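Here are the chains, one letter per residue:
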Amino acid sequence: MALDCASTSIHCGARIPIGHHRPRSNPFVLLSVLLVLLGLAFGPTPCQGYTNLTIGLLLPTSASLNIISPNYVSTVGDLVTIVNFIAEAWNDRVAHPAGYHFNLAQYDSKFTRVGATTAALEANADGAVAYLGEYTSSNTIPAALAGGYLKTPQCSGAATSDDLSNKSDFPLFFRTIPPDSAQGKFIAQLCIHWGWTTVNLVASNEAYGLSISATFLEQAQLLGIKIARSYLLEITWQPADYSVIAAQLVTSNSRIVVALGGADYFYGIYNATQRAGFGRDWVWIGPDSVALLDSYLADAHLSPAQIELYTGILVAWPAEAAPGFAEYETMAASWTSVMGSTNTDFASTPYALFFGSCFQVVTTALMRIIARVGLPAVLAKSYSVTLDDYSIGVDTVSGHTSFDSSGNREGIFEVRNLVSGVMKTAYRSDASGDLTLISQPAFPDGSNTVPPWEPIYTVSVPRESNPFVATVLAASSLCIASVIGSWAYIVYHRNTRRVKHLGIPFTSVLCLGLVVSLLSPALMAGNPSQFKCAAQFWALVLGYSLSLSSLWIRSYRIFKVFDKCVLFF
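About the thresholds
Residues numbered from 1 in each chain as written. Predicted model: local features only at pLDDT ≥ 70, side-chain atom pairs only at ≥ 80, totals over all residues. Heavy atoms only, no water. Disulfide = S-S within 2.5 Å. Helix = DSSP H or I, 4+ residues; strand = E, 2+ residues; numbered from the N terminus. Pairing = 2+ DSSP bridges. Axes fitted to C-alpha atoms, helices over the stretch in contact; angles between N-to-C directions. Salt bridge = Lys/Arg side-chain N within 4 Å of Asp/Glu carboxyl O. Buried < 20%, exposed > 50% of the residue type's maximum accessible area, 1.4 Å probe, protein only. Contact = heavy atoms within 4.5 Å. Phe/Tyr/Trp six-rings, centres within 6.5 Å; stacked < 30°, edge-to-face > 60°. Patch = residues over 30% accessible without salt bridge, like charges linked within 9 Å, V, L, I, M, F, W, Y side chains within 5 Å. Areas by Shrake-Rupley, 256 points an atom, 1.4 Å probe, with all protein chains shown as cover. Core = buried A, V, L, I, M, F, W, Y, C linked by side-chain atoms within 4.5 Å.

## Observations concerning the state of the cysteines
Each disulfide consists of one covalent bond between the sulfur atoms belonging to two cysteines. The full count for this structure, using the stated rule, is one disulfide. Residue pairing for cysteine 155: its cysteine sulfur links by disulfide to cysteine 358, the two sulfurs lying 2.0 Å apart. For the disulfide bridge between cysteine 155 and cysteine 358, the dihedral angle about the S-S bond is near -70°, and by the sign convention the bridge is left-handed. Note that cysteine 155 is positioned in strand 4 (residues 154–156) and cysteine 358 in helix 13 (residues 352–373), a separation of 203 residues in sequence.

Put into structure tokens, the structure is as follows:
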């Protein structure tokens, strides 16, 4: 039986398996030592002759996720599998020839802030020389605070909050994923690219959502994007709370919703709008966390018809896979040859390659530092640790890494599109921000055409082709013809005694009022215009007034005649 590497000693021993950490006390320690000695004596060990160091992986285990957030179980599980594979391959090709072996040991962060901090402390107690993690920004922040105090560098492939760019609070934190400031800017530029100058903003009230929404709002102001409606979502909200926001959002004058927050929040507000009967003219765009939505749908066991309701959702995603880049192609080919056909997707599992890049950058930096200051100083963390020692350029599985002074990776973005429950890449940007079409996007209305931000209303007007409308128009026309004919007859015989007493001026005003009133049905039929919308009301009121005024004046005239005290005959 071959033994694997220990993580904290300089010599070979028992490896800490992924998903667990080594307990500090063990009642069977003598038995363990005996097994190690037997292994050394009778079997070759893959780490023999290497300097062995531990890298702590601060991520929740499946057991913790099943309790706290079951939707993340498969995604995080696949991520751990891929990162472990990258670590082993990197050890074989890079670390072992240099005389090192880096053991990746997972410490359960429990997907909470307290759990992430505890995991960092446990990894430090076990001699970890660096941390990878955590998965969310909220949980990464306390772990990074602990890492700064313990002089332990930390790299995350998923935490994007701009709070982590503050080097006064997080002096040894860096990341292989671009921060929210870059992502918020990209989403705003994407809105302008598609002509969406008025949008609705929905953000989660936590570190991730607040960070990316602040950057988006700043960029939106610079680009002239107006915010029609803006809402903050709370972590304690239930479906009824989301429904209240949906009832307000439906009256917005924009059909574009920029939803910035975790996948849980997006899932909550989107489902509320579907329950409220939002049409397919609404377009939703979210940040990188929404790329997990396909896993949500798979775990929810929805019907094909229900899954189709999510088709058209857009996601701004930091470009992770690097097709054509040598290191990516090497790792992808190795994965295919070793793993074969598997449900775990090496290229599209969210954040897996970013975490793999973390491992590659951290271990490369450690080997350089050890060569400079010596192994004892690194193990004791007695050397002067700076962020510049770790945020270095390395050819990794997600491309060449380049960092700014705050340890933020400078990268490019993709636009992902959820189609029939599958997240696909629709566009990819370059360094200048120009978009390249990868595959035709599918929008919620089922077309590939970018929809406008304005609501598209269904025109509902009385059509001339409608039999009832045609009947009313014909009757109105006959009435108008009768009025005009009668008036013409009266004018022609105006000098006769019977007609002369009717009063031609009063009769003419009466006929004019009737004709104007009878024109209103014709103004109401057909496609509306500004003239017709205003004229139809004026015609009815003005015609009615003219007709009545003629009758009132004639009645007043009769009243004055009969009001005389003496009538002359």
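Further notes follow.
## Quick look at the sheet that holds strand 7 (residues 226–233)
Reading across the sheet, the eight strands line up as 7-6-8-9-10-13-14-15 and stay open at both edges, with mixed pairing between neighbours. Sheet topology places strand 7 and strand 15 (435–437) at the edges, where each strand pairs with a single neighbour. Going across the sheet, the axis of each strand differs from the next one's by a mean of 30°, ignoring polarity. Bridge analysis of strand 13 (residues 413–419) against strand 14 (residues 422–429) gives six bridges, and the strand direction is antiparallel.

## Let's talk about the pattern of salt bridges
Within this structure, the stated rule accounts for six salt bridges. For lysine 110, the salt bridge goes to aspartate 108, with nearest N and O atoms at 3.6 Å. Looking at lysine 110, the relative accessible area reads 42%, which means it is partly exposed. Owing to a relative accessible area of 19%, aspartate 108 belongs among the buried residues under this scheme. For aspartate 281, the salt bridge is made with arginine 255, and the minimal N-O distance between the two is 3.3 Å. Linking aspartate 281 in the loop between helix 9 (263–275) and strand 9 (283–286) with arginine 255 in the loop between helix 8 (239–249) and strand 8 (256–260), this pair joins segments that are 26 residues apart in sequence. The class of aspartate 281 is partly exposed, set by a relative accessible area of 27%. Connected through shared salt-bridge partners, Glu414, Arg416 and Arg428 make up one network.

## As for the side chain of serine 289
Counting through the fold element by element, serine 289 comes out in the loop between strand 9 and helix 10 (293–300). Residue serine 289 is classed as buried on the basis of its relative accessible area of 9%. Apart from residues no more than four positions distant in its own chain, serine 289 is found in contact with Tyr208, Gly261, Gly262, Ala263 and Tyr351.

## Some remarks on the environment of aspartate 241
Within the secondary structure, aspartate 241 is located in helix 8. Spatially, the C-alpha atoms of aspartate 241 and isoleucine 269 are 9.1 Å apart, while their sequence positions differ by 28 residues.

## A short note on the environment of valine 397
Along the chain, valine 397 turns up in the loop between strand 11 (395–396) and strand 12 (399–400). Since its relative accessible area comes to 0%, valine 397 is described here as buried.

## Overview of the environment of threonine 425
Structurally, threonine 425 is set in strand 14. For threonine 425, a relative accessible area of 24% translates into the label partly exposed. Placed 109 residues apart in sequence, threonine 425 and alanine 316 show a C-alpha to C-alpha distance of 10.0 Å. The contacts of threonine 425, once residues within four sequence positions are left out, are Glu414, Val415, Arg416, Ile438 and Ser439.

## Thoughts on the sheet that holds strand 5 (residues 173–175)
Spatial strand order, 2-1-3-4-5: five strands in an open sheet with parallel pairing. Edge positions in the open sheet fall to strand 2 (100–108) and strand 5, since each of these has one partner strand only. Each strand axis lies, on average, 25° off the axis of its neighbour in the sheet, ignoring direction. Both strand 3 (residues 130–133) and strand 4 contribute to a ladder of two bridges, which runs parallel. What sits directly across from tyrosine 131, in strand 4, is glutamine 154. Contacts from helix 5 (residues 137–149) reach strand 1 (51–59), strand 3, strand 4 and strand 5, with the element oriented near 160° to strand 4.

## Observations regarding unusual backbone geometry
With an omega dihedral of -5°, the bond running from glycine 133 to glutamate 134 counts as a cis peptide bond. The topology assignment puts glutamate 134 in the loop between strand 3 and helix 5. Not every positive phi belongs to a glycine, and tyrosine 351 is a case in point at roughly 75°. For tyrosine 351, the position within the fold is in the loop between helix 12 (326–339) and helix 13.

## Section: the packing of aromatic side chains
On inspection of all chains with the given rule, the structure shows 21 aromatic pairs. Members of the aromatic cluster, connected to one another through ring pairs, are Tyr72, Phe111, Tyr135, Trp317 and Tyr351.

## Observations concerning a nonpolar patch on the surface
Together, Ile192, Leu222 and Leu223 make up an exposed nonpolar region whose accessible area comes to about 270 Å². Within the secondary structure, leucine 222 is located in helix 7 (residues 207–223).

## Let's talk about the nonpolar core
Counting 94 residues, the largest nonpolar core has Ile55, Leu132, Trp284, Ile313 and Phe346 as the members making the most contacts within it. Of the residues forming this core, the biggest block, 13 residues, is contributed by helix 13. What leucine 132 contacts, discounting residues up to four positions off in sequence, is Ile55, Gly56, Leu57, Leu58, Leu104, Cys155, Phe355, Cys358, Phe359 and Val362.

## Observations concerning the pairing of strand 10 (residues 314–318)
Both faces of the sheet carry side chains from a regular strand, because those side chains alternate between them. Of all five residues making up strand 10, five are buried, and the element is well covered by its neighbours. Of the two faces of strand 10, the one lined by Leu314, Ala316 and Pro318 and the one lined by Val315 and Trp317 are each fully buried. Bridge analysis of strand 9 against strand 10 gives two bridges, and the strand direction is parallel. By the bridge assignment for strand 10, isoleucine 285 is matched with leucine 314. The sheet contact formed by strand 10 and strand 13 spans five bridges and is antiparallel. Looking across to strand 13, one finds that proline 318 is bridged to phenylalanine 413.

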